[in-house]
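Below, each chain spelled out in residue letters.
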Amino acid sequence: MEKKTVLATATVGRPHGVEGFLRIYPLSGEYEHLLKLDEALLELKNKEKVKVTVKDVKMHQDALLMRFNEYADREKAKLLSGSLMYISRDKCPPLKKGEYYIADLYDAPLVFEGERVGTVVDTSEGAQALLLHVRTEDGRIFLVPNMKPFIEKVDMEKGEIVLAMKELLS
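Quick summary incoming for the structure in this document. Since the structure is predicted, the reported quantities are computational estimates derived from the model, not experimental observations. (Residues numbered from 1 in each chain as written. Predicted model: local features only at pLDDT ≥ 70, side-chain atom pairs only at ≥ 80, totals over all residues. Heavy atoms only, no water.)

**Some details on the sheet that holds strand S10 (residues 141-145)**
Spatially, S10-S9-S8-S7-S12-S11 is the arrangement adopted by the six strands of the open sheet, whose pairing is mixed. Looking along the sheet, the strands with just one partner apiece sit at the ends: S10 and strand S11 (151-155). For this sheet the average axis-to-axis angle between neighbouring strands, irrespective of direction, equals 35°. Summarising the sheet, strand S9 (residues 130-135) and S10 pair through five bridges and their orientation is antiparallel. Note that in S10 the partner of Val 134 across the bridge is Phe 142. (Pairing = 2+ DSSP bridges. Helix = DSSP H or I, 4+ residues; strand = E, 2+ residues; numbered from the N terminus. Axes fitted to C-alpha atoms, helices over the stretch in contact; angles between N-to-C directions.)

Below, the structure is given as structure tokens:
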């Protein structure tokens with residue numbers, strides 16, 4: 001399982017004011033690391049990716065605002081609304097013991113009693129937990145809640161997810 005070098009960290013909202021500032025919405029709720037950001041990769045709505053350098057970052061009331069050198073006026077900045085922001089892994093907030101990025105779950109093998117029973121191919125938000133979309137060896141997709149009692153543990157050292165209830169895949 002290969003760790004991604006850039007991680008999705010925020011979405012870009014509508015322009016704010018006339019100077020090219022855009023509202024930035026962190027995916028994790030944390031924004032301190034974005035205040036020191038110097039560059040990012042934006043995935044536009046049409047899936048085109050553009051590299052941007054940060055000109056200014058500021059807080060306005062409870063909103064995080066950012067302006068990019070390449071899109072420093074309101075009309076150009078509008079083109080970025082709705083983008084997904086990726087930043088280098090080393091600029092993301094540090095993880096505590098036992099934490100991991102959702103991006104690191106993709107392509108992770110799901111194992112039960114030491115045997116591979118599937119691979120995580122996607123995730124989605126569930127009512128109580130993140131849902132892992134698991135493709136089994138026969139190509140079927142199952143949704144597995146990423147919580148006990150369904151998942152025993154996410155082992156980032158081994159790069160695998162240990163399933164506690166094999167019945168979820170039948």
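**Focus on the nonpolar core**
Counting 23 residues, the largest nonpolar core has Leu 34, Phe 68, Leu 80 and Met 85 as the members making the most contacts within it. Every residue in contact with Phe 68, bar those within four places of it in the chain, is listed here: Leu 22, Leu 42, Val 52, Thr 53, Val 54, Lys 55, Leu 80 and Met 85. The next biggest cluster of nonpolar side chains, apart from the first, holds 15 residues, and it includes Leu 105, Val 117, Leu 132 and Leu 169. (Core = buried A, V, L, I, M, F, W, Y, C linked by side-chain atoms within 4.5 Å. Buried < 20%, exposed > 50% of the residue type's maximum accessible area, 1.4 Å probe, protein only. Contact = heavy atoms within 4.5 Å.)

**Notes on the pattern of salt bridges**
A side chain with one charge can pair with a side chain of the opposite charge if their charged atoms come near. Applying the stated criterion to the full structure yields eight salt bridges. Note that Glu 75 and Lys 78 form a salt bridge whose closest N and O atoms lie 3.5 Å from each other. Placement of both Glu 75 and Lys 78 in helix H1 (residues 74-78) is noted, with a separation of three residues, approximately one turn of the helix. Residue class for Lys 78 comes out partly exposed when judged on its relative accessible area of 40%. (Salt bridge = Lys/Arg side-chain N within 4 Å of Asp/Glu carboxyl O.)

**Some points on the pairing of strand S5 (residues 63-68)**
Summarising burial for S5: six of the six residues are buried, a large majority. On S5, burial covers both faces: Ala 63, Leu 65 and Arg 67 on one face and Leu 64, Met 66 and Phe 68 on the other are all buried. Two elements, strand S2 (residues 21-26) and S5, share three bridges in a ladder whose sense is antiparallel. Residue pairing in the sheet places Leu 22 in a bridge with Met 66 of S5. Of the strand pairs in this sheet, strand S4 (residues 49-60) and S5 are connected by six bridges, and their pairing is antiparallel. Each bridged residue has a counterpart across the sheet, and for Met 59 the counterpart in S5 is Leu 64. Where S4 folds back on S5, the antiparallel hairpin that results is connected by two residues, among which Gln 61 adopts a positive phi of roughly 55°.

**A word on the sheet that holds strand S1 (residues 6-16)**
Hydrogen bonding along the main chain pairs the strands of a sheet, whether they run parallel or antiparallel. With antiparallel pairing, the six strands of this closed barrel are ordered in space as S1-S2-S5-S4-S3-S6. This sheet shows a mean twist of 50° between the axes of neighbouring strands, independent of strand direction. Where S1 lies against strand S6 (residues 84-88), five bridges are found, and the strand directions are antiparallel. Across the sheet, residue Ala 8 finds its bridge partner in S6, namely Tyr 86.

**Re the pairing of S1**
Of the pairings in the sheet, the one linking S1 to S2 comprises five bridges and is antiparallel in character. Following the sheet pairing, Thr 11 is matched in S2 by Tyr 25. The turn linking S1 back onto S2 is made up of four residues, and Gly 17 within it adopts a positive phi angle of 80°.

**Describing the layout of surface pockets**
Left-over empty space is what a probe sized like a water molecule reveals as it rolls over the atoms. Here the largest pocket defines a volume of roughly 700 Å³. Going through the elements one at a time, S1 and strand S8 (115-125) are the ones with two or more residues in the lining of the largest pocket. Split into classes, the residues belonging to the lining of the largest pocket amount to 14 nonpolar, five polar and five charged. (1 Å grid on protein atoms, 1.4 Å probe; cavity = no way out; pocket = protein on both sides within 12 Å on 5 of 7 lines; lining within 4 Å. Points joined across faces, edges and corners; volume = space filled by probe spheres on them. Nonpolar A, V, L, I, M, F, W, Y, C, P; charged D, E, K, R; others polar.)

**Some thoughts on unusual backbone geometry**
Pro 149 follows Lys 148 through a cis peptide bond whose omega is 15°. For Lys 47, which is not glycine, the phi dihedral falls at a positive 75°. The phi dihedral of Asp 107 is positive, around 70°, even though this residue is not glycine. With respect to the element layout, Asp 107 can be found in the loop between S6 and strand S7 (109-112). Judged by its relative accessible area of 49%, Asp 107 is partly exposed.

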